[in-house]
Amino acid sequence: MVWAWARVVGGVGLLAALLWQVGGGPFLAGVRLINAPALAAALLIGVLTTVCAAWRWSLVAGGLGVRLPLATAVAHCYRAVFLNATLPGGVLGDVHRAVRHGRDAGDVSRGIRAVVWERTAGQVVLVAVALVVLAAFPSPVRPYLPAAAGLLLALGLAVVLLARRLPDAGRSRWARGVRTAVADVRSGLLARRTWLGVLVASAVMVAGHLATFLLAARTAGSDAPLTRLLPLTLLALLAMGLPLNVAGFGPREGVAAWVFGAAGLSAAEGVATATVYGALVLVASLPGAAVLLARRARNPTTTREAALRGGC
């Protein structure tokens with residue numbers, strides 16, 4: 001509970017600091033510039049990224065021994081994207097789909113682990129793409145890239161060495177957890193029938209998110225060349241992994257303001273771009289609201305009972 005409130009307070013604090021620095025104009029300007037073609041493109045990209053997310057989740061869950069049909073995964077992913085985009089923290093939708101799928105499958109632990117590992121795979125691919133793009137194109141963080149790459153490599157080697165040593169270190173809870181994690185990675189991510197699909201799905205999702213960010217930049221009025229915008233939007237995309245936001249807003253806008261300003265554009269342009277991106281993602285997630293409403297319509301009694309229990 002404390003950490004949940006800390007995330008909300010942190011997100012509000014970031015937004016307040018950003019409003020104090022650049023004012024509310026860039027936020028409002030970004031929203032006013034959104035047009036129908038941009039919304040239609042965001043919806044189409046959202047279909048692609050959501051289906052890929054569902055495919056990746058289905059592959060990982062199957063590798064862990066939990067059946068998850070693709071159509072069910074797509075519905076759950078749309079609902080999760082909508083909840084992530086509208087609730088504080090940016091992860092509550094994923095928590096919901098993990099627990100819900102685990103309960104439906106009769107194994108909450110495996111359901112949660114499937115979501116954790118498929119999200120982890122996505123983050124690993126995103127970081128790998130970021131290292132390549134940031135090395136290829138100029139950006140404010142380019143001078144620090146060798147040190148960051150070295151640190152990530154060292155952390156990866158440390159994790160591998162730890163995983164090799166601890167499984168035989170005894171029967172402690174920590175050792176059992178490491179053994180479970182190693183087994184999950186081998187069967188859910190690195191198995192012959194899953195690794196290629198997980199990699200392809202993750203790469204397509206990264207490309208889709210970047211395409212949406214570039215679309216947002218153009219919609220917000222940026223005329224900078226794509227080679228200049230690509231690393232900047234990628235850095236803002238990386239910032240979205242921080243669970244310190246309010247309905248999706250917070251770190252993304254703060255990092256966008258910084259990197260756009262540091263790259264010789266303007267902080268206002270970065271904020272407007274990030275604001276447009278947030279709005280496009282919200283519109284692309286609206287099918288998730290339809291999934292929520294459809295479920296409520298199918299189970300009105302369950303919904304009322306849950307509400308009564310929550311009010312007691």
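Computed from a prediction, not measured in an experiment: that's the story for all the values here.

## With respect to the packing of aromatic side chains
Stage number 1. Tallied over the entire structure, the rule returns one aromatic pair.
Stage number 2. Pairing Phe213 with Tyr277 gives two aromatic rings, centres 4.1 Å apart and planes at 10°, and the pair type is stacked. Remark: Tyr277 occurs in helix 12 (residues 267-284) and Phe213 occurs in helix 9 (residues 195-219); sequence separation between them is 64 residues.
Stage number 3. Take Phe213: its relative accessible area is 1%, and that puts it in the buried class.
Stage number 4. For Tyr277, a relative accessible area of 2% puts it in the buried group.
Stage number 5. If you follow Arg97 out to its NZ or CZ, it ends over the ring of Trp57, 4.6 Å from the centre.

## A few points about the packing of helix 3 (residues 36-63) against helix 9
The packing of two helices is summarised by the inter-axis angle and the distance between the axes.
Stage number 1. Interhelical geometry of helix 3 versus helix 9 gives an angle of 160° and a closest axis separation of 9 Å. By the angle between their directions, the pair helix 3 and helix 9 is classed as roughly antiparallel. The way helix 3 lies across helix 9 gives a crossing that is left-handed.
Stage number 2. Tallied by class, the residues present in the contact of helix 3 with helix 9 amount to 17 nonpolar, seven polar and one charged.

## Points about the confidence of the model for the protein
Stage number 1. With 82% of its residues at a pLDDT of at least 70, the protein reaches an overall mean of 84.
Stage number 2. Across the protein, the secondary-structure element scoring lowest on mean pLDDT is helix 14 (residues 300-311), at 45, and the one scoring highest is helix 3, at 96.
Stage number 3. Note that pLDDT drops below 50 for residues 302-312; the model gives that stretch one contact with residues more than four away or on any other chain.

## Re the packing of helix 9 against helix 12
Stage number 1. For the pair helix 9 and helix 12, interaxial distance at closest approach is 8 Å and the crossing angle is 125°. One finds that helix 9 runs oblique with respect to helix 12. Considering the relative orientation of helix 9 and helix 12, their crossing is right-handed. Contacts between helix 9 and helix 12 involve His209, Thr212, Phe213, Leu215, Ala216, Ala217 and Thr219 on the former and, on the latter, Thr273, Ala274, Val276, Tyr277 and Leu280.

## Details of the nonpolar core
Stage number 1. Core analysis: the biggest nonpolar cluster contains 32 residues, and Leu134, Leu210, Leu229, Leu234, Leu237 and Leu280 have the highest contact counts within it.
Stage number 2. Those elements that place two or more of their residues in this core are helix 3, helix 6 (108-136), helix 9, helix 10 (226-239), helix 11 (251-262) and helix 12.
Stage number 3. Residues contacting Leu229, with those up to four places away along its chain left out, are Leu214, Ala217, Arg218, Ser222, Ala224, Phe260 and Leu265.
Stage number 4. Grouped together as the second largest cluster of nonpolar side chains are 23 residues, Tyr78, Ala114, Leu189 and Ala201 included.

## Re the environment of Met240
Stage number 1. Locating Met240 in the fold gives a position in the loop between helix 10 and helix 11.
Stage number 2. Taking relative accessible area as the criterion, Met240 reaches 32% and is therefore assigned partly exposed.
Stage number 3. Along the primary structure Met240 and Val255 are separated by 15 residues, whereas in three dimensions their C-alpha atoms are 9.3 Å apart.
Stage number 4. The contacts of Met240, once residues within four sequence positions are left out, are Phe213, Arg252 and Tyr277.

The rules behind each value
- Residues numbered from 1 in each chain as written.
- Predicted model: local features only at pLDDT ≥ 70, side-chain atom pairs only at ≥ 80, totals over all residues.
- Heavy atoms only, no water.
- Phe/Tyr/Trp six-rings, centres within 6.5 Å; stacked < 30°, edge-to-face > 60°.
- Helix = DSSP H or I, 4+ residues; strand = E, 2+ residues; numbered from the N terminus.
- Buried < 20%, exposed > 50% of the residue type's maximum accessible area, 1.4 Å probe, protein only.
- Lys NZ or Arg CZ within 6 Å of the ring centre and 35° of its normal.
- Axes fitted to C-alpha atoms, helices over the stretch in contact; angles between N-to-C directions.
- Parallel < 35°, antiparallel > 145°, perpendicular 65-115°, else oblique.
- Left-handed = near helix turned anticlockwise from the far one by under 90°.
- Nonpolar A, V, L, I, M, F, W, Y, C, P; charged D, E, K, R; others polar.
- pLDDT = per-residue confidence, 0-100.
- Contact = heavy atoms within 4.5 Å.
- Core = buried A, V, L, I, M, F, W, Y, C linked by side-chain atoms within 4.5 Å.

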